[in-house]
Amino acid sequence: MHLVIAGGHGKIARRLTRLLSARGDNVTGLIRNPDHADDLRADGAEPVVCDLEHASVDEVAGHLGGADAALFAAGAGPGSGAARKQTVDRNAAILLADAAERAGLRRFLVISAMGVDSPPPPGTDPVFAAYLKAKGEADADIASRPGLDWTILRPGMLTDDPGSGRVTLAEHTDRGQVPRDDVAAVLAALLHEPRTAGRILELISGSTPVEEGVRAVAGG
């Protein structure tokens, strides 16, 4: 399988790239900073410099040609203001979806976040509130597209702890933490499970092996 990852230098994206390349899949990583190219090559990916805040639909679609799936793993990141939550976390996700449809690519995965479907509670940091709003709007846009076989994954609080390979994966879970290692493992399994298309799934650490958890949400 050939996967294109938008935000290819992100912490989850790099873990996923190493998993996929180790099992023989091909990965192309879209990156904004050319200085990150060598890191992606070391992980086993082919780096492509593409700034999703300024690229056209046709440009991005050209990078998706021949791919089997795309993953939106980009984000404005900590330290960015509310404006970039809109241009990256919302607009770039929608751009990638537009490009996938333009390229005729159906399988589309998204790393989202918990709590994006409802207004943030009073007192929420304004920038974090803008992030939740942007992710929620992007998810709603992507979930409305019959031309994509989309799966939206909403992990809990991310940690850099070693993965356990055991998770709780369901349409709704309690709040909790999950190592980035385990998020990457779940994404790798979702990528090869087309029956999870059209699902929004929450993910935290748990007791179910990753492959078993993905089979369960896929219906068997």
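Conventions used here
- Residues numbered from 1 in each chain as written.
- Predicted model: local features only at pLDDT ≥ 70, side-chain atom pairs only at ≥ 80, totals over all residues.
- Heavy atoms only, no water.
- Helix = DSSP H or I, 4+ residues; strand = E, 2+ residues; numbered from the N terminus.
- Buried < 20%, exposed > 50% of the residue type's maximum accessible area, 1.4 Å probe, protein only.
- Contact = heavy atoms within 4.5 Å.
- Pairing = 2+ DSSP bridges.
- UniProt positions renumbered as here; feature names shortened; annotations may be inferred.
- Right-handed = clockwise from strand over helix to strand, strands pointing away.
- Axes fitted to C-alpha atoms, helices over the stretch in contact; angles between N-to-C directions.
- Parallel < 35°, antiparallel > 145°, perpendicular 65-115°, else oblique.
- Left-handed = near helix turned anticlockwise from the far one by under 90°.
- Salt bridge = Lys/Arg side-chain N within 4 Å of Asp/Glu carboxyl O.

**What to know about the side chain of arginine 154**
In this structure, arginine 154 sits in strand 6 (residues 149-155). On the basis of relative accessibility, which here comes to 5%, the residue arginine 154 falls in the buried class. When sequence neighbours within four positions are dropped, the list of residues in contact with arginine 154 reads Ser112, Ala113, Met114, Val116, Asp117, Asp139, Ile200, Leu201, Glu202 and Leu203.

**Points about the sheet that holds strand 2 (residues 26-31)**
Strand order in the open sheet formed by nine strands is 3-2-1-4-5-6-10-8-11, with mixed pairing between adjacent strands. Each edge of the open sheet carries a strand with a single partner, namely strand 3 (46-49) and strand 11 (208-209). As defined by bridge partners, strand 2 adjoins strand 3 across four bridges and the pair is classed as parallel. The partner of isoleucine 31 across the bridge, within strand 3, is valine 49.

**Description of the UniProt feature "domain: NAD(P)-binding" (unreviewed entry) in the protein**
The residues that UniProt annotates with the feature "domain: NAD(P)-binding" (unreviewed entry) are residues 7-194. End-to-end, the C-alpha atoms of residues 7-194 are 22 Å apart, and along that stretch the chain is 42% helix and 20% strand.

**Topic: the pairing of strand 2**
Across the six residues that make up strand 2, a large majority, five, are buried. Where strand 1 (residues 2-6) meets strand 2, five bridges bridge the pair, whose relative direction is parallel. Its bridge partner lying in strand 2, histidine 2 is registered against asparagine 26. Running through helix 2 (residues 37-43), the crossover from strand 2 to the neighbouring parallel element strand 3 is right-handed.

**Re the packing of helix 4 (residues 82-103) against helix 5 (residues 126-143)**
Where helix 4 meets helix 5, the closest approach of the two axes is 8 Å, and the angle between their N-to-C directions is 15 degrees. When the axes of helix 4 and helix 5 are compared, the pair comes out roughly parallel. The way helix 4 lies across helix 5 gives a crossing that is right-handed. Together, Ala82, Lys85, Gln86, Asp89, Arg90, Ala93, Ile94 and Ala97 of helix 4 and Val127, Ala130, Tyr131, Ala134, Lys135, Glu137, Ala138, Asp141 and Ile142 of helix 5 make up the contact between the two elements.

**Let's talk about the pairing of strand 6**
Most of strand 6 sits out of view: six of its seven residues are buried. Pairing between strand 5 (residues 107-111) and strand 6: five bridges, direction parallel. Bridging from a neighbouring strand, phenylalanine 108 pairs with tryptophan 150 of strand 6. Sheet analysis places strand 6 next to strand 10 (residues 199-205), joined by five bridges and oriented parallel. Bridge pairing in strand 10 links threonine 151 to arginine 199.

**Considerations on the environment of glycine 44**
Mapped onto the elements, glycine 44 comes out in the loop between helix 2 and strand 3. Note on glycine 44: relative accessible area 39%, which makes it partly exposed. As for glycine 44 and glycine 24, which are separated by 20 residues in sequence, their C-alpha atoms are 9.8 Å apart.

**Section: the pattern of salt bridges**
Side chains that differ in charge, positive against negative, can pair when their charged atoms come close. One pass over the structure, following the stated rule, counts 21 salt bridges. As a salt-bridge pair, aspartate 141 and arginine 145 come within 2.7 Å of each other at their nearest N and O atoms. Classification of aspartate 141 as partly exposed rests on a relative accessible area of 24%. Between glutamate 171 and arginine 199 there is a salt bridge, with its nearest N and O atoms 3.4 Å apart. Within this pair, whereas glutamate 171 is found in the loop between strand 8 (166-170) and strand 9 (177-179), its partner arginine 199 is found in strand 10, the two being separated by 28 residues in sequence. With a relative accessible area of 43%, glutamate 171 lands in the partly exposed category.

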